[in-house]
Amino acid sequence: MDISLVQIDISWQNKEQNFSTVDSLLSTSETPAGSLIILPEMFATGFSMDVALNAENSDGTTMDFLGRTAKKYNSYVIAGLTERSDTDMGLNVCYLIAPDGNPAGRYVKNYPFSLGEEDKFFLAGDKSAVWNIPDAGVSPAICYD
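Residues numbered from 1 in each chain as written. Predicted model: local features only at pLDDT ≥ 70, side-chain atom pairs only at ≥ 80, totals over all residues. Heavy atoms only, no water.

### Remarks on helix α3 (residues 61-73)
In an α-helix, one turn spans 3.6 residues, which is why side chains three or four residues apart end up on the same side.
Stage number 1. The end-to-end C-alpha distance of α3 is 18 Å, a good match for the 18 Å that 13 residues give at a rise of 1.5 Å each.
Stage number 2. Of all the positions in α3, only Thr62, Met63, Phe65, Leu66, Gly67, Thr69, Ala70 and Tyr73 are classed as buried.
Stage number 3. Buried positions along α3 lie against α1 (15-27), β2 (36-38), β3 (76-84), β4 (90-97) and β5 (103-108).
Stage number 4. Just downstream of α3 lies Asn74, where phi reads positive at about 45 degrees. (Helix = DSSP H or I, 4+ residues; strand = E, 2+ residues; numbered from the N terminus. Expected span 1.5 Å × (residues − 1). Buried < 20%, exposed > 50% of the residue type's maximum accessible area, 1.4 Å probe, protein only. Contact = heavy atoms within 4.5 Å.)

Structure (structure tokens):
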């Protein structure tokens, strides 16, 4: 399996700029169909505690971008984003997007980074995950996990 690790200089709380940067980097690299593309935690906004500004529903602009990217490269995409919860706190979430552009897995960070006060803004998950994709099993962990 080909794996593309995409590390970017994240533009603070600027989703459109970060989408453009990821697009640009992927378009200048060889990403064969069936690859696994991995983006950083909170790649669209940076590690921001501004949940009100950055949090999205599971059908928001970041998920739309991830779906389009998975389809464009006919590949799996793993990426982290800030998702809304049922409270005023957010969720630090990692998604697996299938080559058809649809979510195939979801994982919520289990251990918000208390030294950075993430636990004051984000709810903790309570499960691990294992995602089976062709030629690999993937178990996500986010930063402090």
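### Remarks on unusual backbone geometry
Stage number 1. The phi angle at Asn74 is positive, at roughly 45 degrees, despite the residue not being glycine.
Stage number 2. Residue Asn74 is classed as partly exposed on the basis of its relative accessible area, which comes to 41%.
Stage number 3. Of note in this structure, Cys143 is not a glycine but carries a positive phi near 40 degrees.

### A short note on the packing of aromatic side chains
Stage number 1. This structure, assessed with the given rule, holds four aromatic pairs.
Stage number 2. Seen from their ring centres, Phe19 and Phe43 are 6.1 Å apart, and the 40 degrees between their planes marks the pair as tilted. Taken together, the positions of Phe19 in helix α1 and Phe43 in the loop between β2 and α2 (51-54) put the pair 24 residues apart, joining distant regions of the chain.
Stage number 3. By relative accessible area, which is 5% here, Phe19 ends up buried. (Phe/Tyr/Trp six-rings, centres within 6.5 Å; stacked < 30°, edge-to-face > 60°.)

### Here's the deal with the pattern of salt bridges
Stage number 1. A full pass over the atoms with the stated rule returns eight salt bridges.
Stage number 2. Of the charged contacts, one joins Glu41 and Lys109 as a salt bridge, the two residues approaching to 3.2 Å between their closest N and O atoms. Of this pair, Glu41 sits in the loop between β2 and α2 while Lys109 sits in the loop between β5 and β6 (122-123); the two residues are 68 residues apart in sequence, bridging distant segments of the chain.
Stage number 3. What makes Lys109 buried here is its relative accessible area of 1%.
Stage number 4. Note that Glu117 is salt-bridged to Lys120, the shortest N-O span being 3.3 Å.
Stage number 5. Take Glu117: its relative accessible area is 40%, and that puts it in the partly exposed class.
Stage number 6. Within this structure, Glu41, Lys109 and Glu118 form a network of salt bridges that share partners. (Salt bridge = Lys/Arg side-chain N within 4 Å of Asp/Glu carboxyl O.)

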